[in-house]
Amino acid sequence: MLLKTLRLYTLGIVILLAPFASTANAAEAQPTKTLRVAILDAPPALIPSDSGNHSGFLVDFLEEIAERENWRIQWLYLKWPEIINTAKRAELDLIPFVAYSRERAEFLDYNSISYITGWGQVYIHPDEQLLENIFDFEGKTIAVVKDEIYAIQFANLCAQFDIICHLKEVQDYKSAFALLDKRLVDGAVSGNLVGYSFEKRFNIERTPIVFNPSKVLFASPKGKNGDVLQTIDNYLEGWKDDPSSPYYEINERWLGKDGSNTFLPRWLLYTLAGLLGLLIITTLVVLILRKQIRKKTADLADKTDQIKQIINLIPHMIYATNVNGEVILANRYAADFFGLPLKDFDDINIEQLKSRIPEASKLFEEEEYLLRKDAIAVDKQLKIKDSNQKITYFNIAKVPFVGRYSRVPAVVTVGVDITASKEFEQQIQHMAQHDSLTGLPNRLLLNDRISQSLALSLRHHHNGAVLFIDLDFFKNINDSLGHMTGDKLLVEVAKRLEDNVRSGDTVARLGGDEFIIQLSELSDNAEDAEEDAVTVAKKLLKVLSEGFRINGQSLHVTASIGIVVYPRDADSHELIMQRADTAMYHAKAKGRNGFAIFKSDMEAIIMRRQSLENDLHKAIFNSEFYLLYQPQVAASDGKLVGVEALIRWNHPEQGIISPLEFIPIAEDNGTIINIGNWVLKKACEQIKLWLKEYGSSPIVSVNLSALQLSNGDLVETISELVAKEQIPANLLELEVTETLIIYEEKRSIELLKSLKKLGVRISIDDFGTGYSSLNHLKKLPLDKLKIDRTFVSDIPGDPDSETIVKTIIRMSQDLGLEVTAEGVETIEQLEFLREEKCPQFQGYYFDKPLSPMVIQDKYLEQK
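Below, the structure is looked at part by part. Nothing here was measured: the structure is a model prediction, and the numbers come from that model.

Turning to the overall build of the chain, a few remarks are in order. What the chain contains, in helices and strands, is 31 helices and 30 strands. Buried residues in the chain amount to 48% of all 863 residues. Taking contacts inside the chain between residues at least 6 apart in sequence as the whole, the part at least 24 apart equals 68%.

Next up, the structure:
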């Protein structure tokens, strides 16, 4: 109730503010939307006019909304069948005064809240004998509007009770009532509201026959104008709860002060529907009794026919067979199941039914037993295909009986169709065992399949394997592009994994960005099985790295894969999963975008990793980190032009720990943000110190991690540090990896531009290892490219590396960028780079990473 009140309060504020909004935007008086709205002759809801001044309570209602929403309504006067066909072609935007049906829902969307409730009403000519119930229409001609909902429902009602009446289809209500007025038909069908209006114009009379209460709704072509339908619902919800709203003013104007009584509460609608059902049943009973009184005898044939009509309405299978194997009774459901017309069951036996559906023999297995004198009822459940090969589930109950007059024993079978409940059970089971996002098996089903595969492997002496897959840096995509994009990427990853394994293998999702591939029935030789698993892992790494197109944006992901071969490496599903996870973390520790096969010593490595992870949280506060600086020198004169800040960890117990070991851990557990901010702070302090002591400072380069880029405070953090230390921003250089920029291209470009506005320098580290193109680089606000050491280490001598290095140097020259070659360690490498006119170098040939004091003594003091 509180939620509903809040919604109404919010809607009220919106409605109150609407006039002010329109005043403020008077200069923009153009309609925000033009709606093509159908209108037909259906008073008092819709009353078309040749002059275009249409009226009716739905016309007034839509005009009220249009005025508030700044819509322009283009009324299209059509006959009802034309409206349906026009809607199918999506050549109109809105249909008022329409009832819901499943058939129409295939090409129409409906709003949720009804404007009013109506029902079907049958009319006759006043001079005709009063028709009291549906059975009196046998052989009569009834005028109906083609494709109109009550026409369809009236035809269904006649068919339901096996009543043959002739429907005269016309284009509109006026034509239907004109035919009745001239007594060219015996009756006419319309909605009650429309009928009431035409009573004044034609000589027609209501009958007591009403049927199918229906909500008066608005509709639009499928997938079009959902926002318009939602807007209509919003106004209906707000105005119906406000007696002073335009809704009630319109209804009082068109329907009178009591018009609101036409809008029935939901409980009353259900009551009316129940009473209507009771009325139909009562009518049937009265008809039976009346015929019995007239005939004063119970004619056996008539009784049988009446029973058949009743059981034909039951949505379950009912049939009876006698001792001769003849079918003596069957309802319509049974006839449909066997694919036969109902009249064919007047002369058919069990054997003929078995010949039509071989599986039907299961339905007749107990007949012989039940025809014995001492037999009792039989209950069972069956799964069987009908004549259309559709699988149906039944609860079968068979009861023997003997008639009052004929002493020939028979068996009555009732098959309750439980297909829907069975399918629901299967759906629930599927939901319990599958991931809701990707549809892949979840951990529960995966554990069961691994346990089964392990048991078979032990029994038949073959091997299986589990690949534990974790996407690299997926959190960055979620944080920067949103969870909806992340979810879409996970779905595409799941599809790509399924497309690249055997049909008998299992692809499962554990949650987040973790997937499992379970490979069953590999070689009986563990080494061969391992080789098969490695082949699959390499294939998956390749297909995952090919990139994905999500929401028009290109995303690149890599993965780390841990491999376990069972039963060699583990003999239970718990141990298999645990060790596959261990191997996966080992693959991450090696640099990601690769795989690792479980080895027993990995568990010790993981324990060390966990220990370091715990210690990392305390390392900053305990001042265990320090910075070294590796010189970058100019090719022209060998002078110092910059330094790269490189972090080191002096663990109190384990001594110096390489950043190659602790940086991946810090990235995984999030401490990299605090560590990265500490490095930035110390670098800025060092620049300030050198400026104070020597009057100048080399450019200091600092590496940024993926998490720092996705953290929204990076620009603010650097801005505050530069301001606090009062240093020139261009002495600070930020290094980002090429791959990282590609992962988050759009956001990265905006972030780098914001950083560039602060005055800091931007460089790409490890250039050449990603997928950058010239066009891509032109978008980035760069100052420098750094050639990755893997290419430098292979020159001279390796043609591919030489070509890449030459290309990078020329590309940087074309773009006006500086370029630094990393990892220069030999004179041969230096001479090659000088020959190619590389302007800057960094590497052990010149100096290893040095302390600030050594930098000062060796480089700054010389100035």
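Our focus in this paragraph is the packing of aromatic side chains. The geometry of an aromatic ring pair is captured by the separation of the ring centres together with the interplanar angle, meaning the angle of the planes. This model, assessed by the stated rule, comprises 24 aromatic pairs. Geometrically, the ring pair formed by Phe-625 and Trp-649 is tilted, given 5.9 Å between the ring centres and 50° between the ring planes. With Phe-625 in strand E22 (residues 625-634) and Trp-649 in strand E23 (residues 640-651), this pair connects stretches of sequence that are 24 residues apart. With respect to burial, Phe-625 and Trp-649 carry one shared label: buried. Arranged with centres 5.5 Å apart and planes meeting at 85°, the rings of Trp-649 and Phe-662 form a pair that is edge-to-face. On the criterion of sequence distance, the pair formed by Trp-649 in strand E23 and Phe-662 in helix H21 (residues 659-669) is long-range, its members being 13 residues apart. According to the relative accessible area criterion, Phe-662 is buried, its value standing at 0%. Here the aromatic cluster, defined as three or more aromatic residues joined through ring pairs, consists of Phe-57, Phe-61, Tyr-115, Phe-218, Tyr-235, Trp-239, Tyr-247 and Tyr-248. The cationic tip of Lys-88 hangs over the ring face of Phe-107; the distance from NZ or CZ to the ring centre is 5.1 Å. The ring of Phe-548 carries Arg-496 above its face, with NZ or CZ at 3.7 Å from the centroid.

Attention shifts here to the pattern of salt bridges. One side chain can pair with another of opposite charge once the charged atoms of both are near each other. With the rule as written, the count across this model stands at 35 salt bridges. With a closest N to O distance of 3.6 Å, Glu-492 and Lys-495 form a salt bridge. Of this pair, Glu-492 and Lys-495 both sit in helix H17 (residues 483-498), three residues apart, which is roughly one turn of the helix. The exposure class assigned to Glu-492 is partly exposed, which follows from its relative accessible area of 31%. Take Lys-495: its relative accessible area is 42%, and that puts it in the partly exposed class. Here Lys-688 and Glu-725 are joined by a salt bridge, their closest N and O atoms 3.8 Å apart. Residue Lys-688 is located in helix H22 (residues 672-694), and its partner Glu-725 is located in helix H24 (residues 714-725); the two are separated by 37 residues in the primary sequence. The structure contains a network of salt bridges with shared partners spanning Glu-644, Glu-735, Lys-786 and Glu-822.

The topology assignment puts Thr-207 in strand E9 (residues 205-221). The class for Thr-207 is buried, based on a relative accessible area of 6%. Here the side chain of Thr-207 touches Val-122 through a polar contact of 2.8 Å, landing on its backbone oxygen. Apart from residues no more than four positions distant in its own chain, Thr-207 is found in contact with Gln-121, Val-122, Tyr-123, Ile-124, Leu-130 and Leu-131.

Our next topic: a negative patch on the surface. On the surface, a cluster of negative charge is contributed by Asp-524, Glu-527, Asp-528, Glu-531 and Asp-532. Its location among the elements puts Glu-531 in helix H18 (residues 526-544).

Scoring rules and cut-offs
- Residues numbered from 1 in each chain as written.
- Predicted model: local features only at pLDDT ≥ 70, side-chain atom pairs only at ≥ 80, totals over all residues.
- Heavy atoms only, no water.
- Helix = DSSP H or I, 4+ residues; strand = E, 2+ residues; numbered from the N terminus.
- Buried < 20%, exposed > 50% of the residue type's maximum accessible area, 1.4 Å probe, protein only.
- Contact = heavy atoms within 4.5 Å.
- Phe/Tyr/Trp six-rings, centres within 6.5 Å; stacked < 30°, edge-to-face > 60°.
- Lys NZ or Arg CZ within 6 Å of the ring centre and 35° of its normal.
- Salt bridge = Lys/Arg side-chain N within 4 Å of Asp/Glu carboxyl O.
- Polar contact = N/O pair within 3.5 Å; in protein donor to acceptor, adjacent residues only side chain to side chain.
- Patch = residues over 30% accessible without salt bridge, like charges linked within 9 Å, V, L, I, M, F, W, Y side chains within 5 Å.
- Areas by Shrake-Rupley, 256 points an atom, 1.4 Å probe, with all protein chains shown as cover.
- Lys, Arg positive; Asp, Glu negative; His and termini not counted.
- Charge placed at Lys NZ, Arg CZ, Asp CG, Glu CD.

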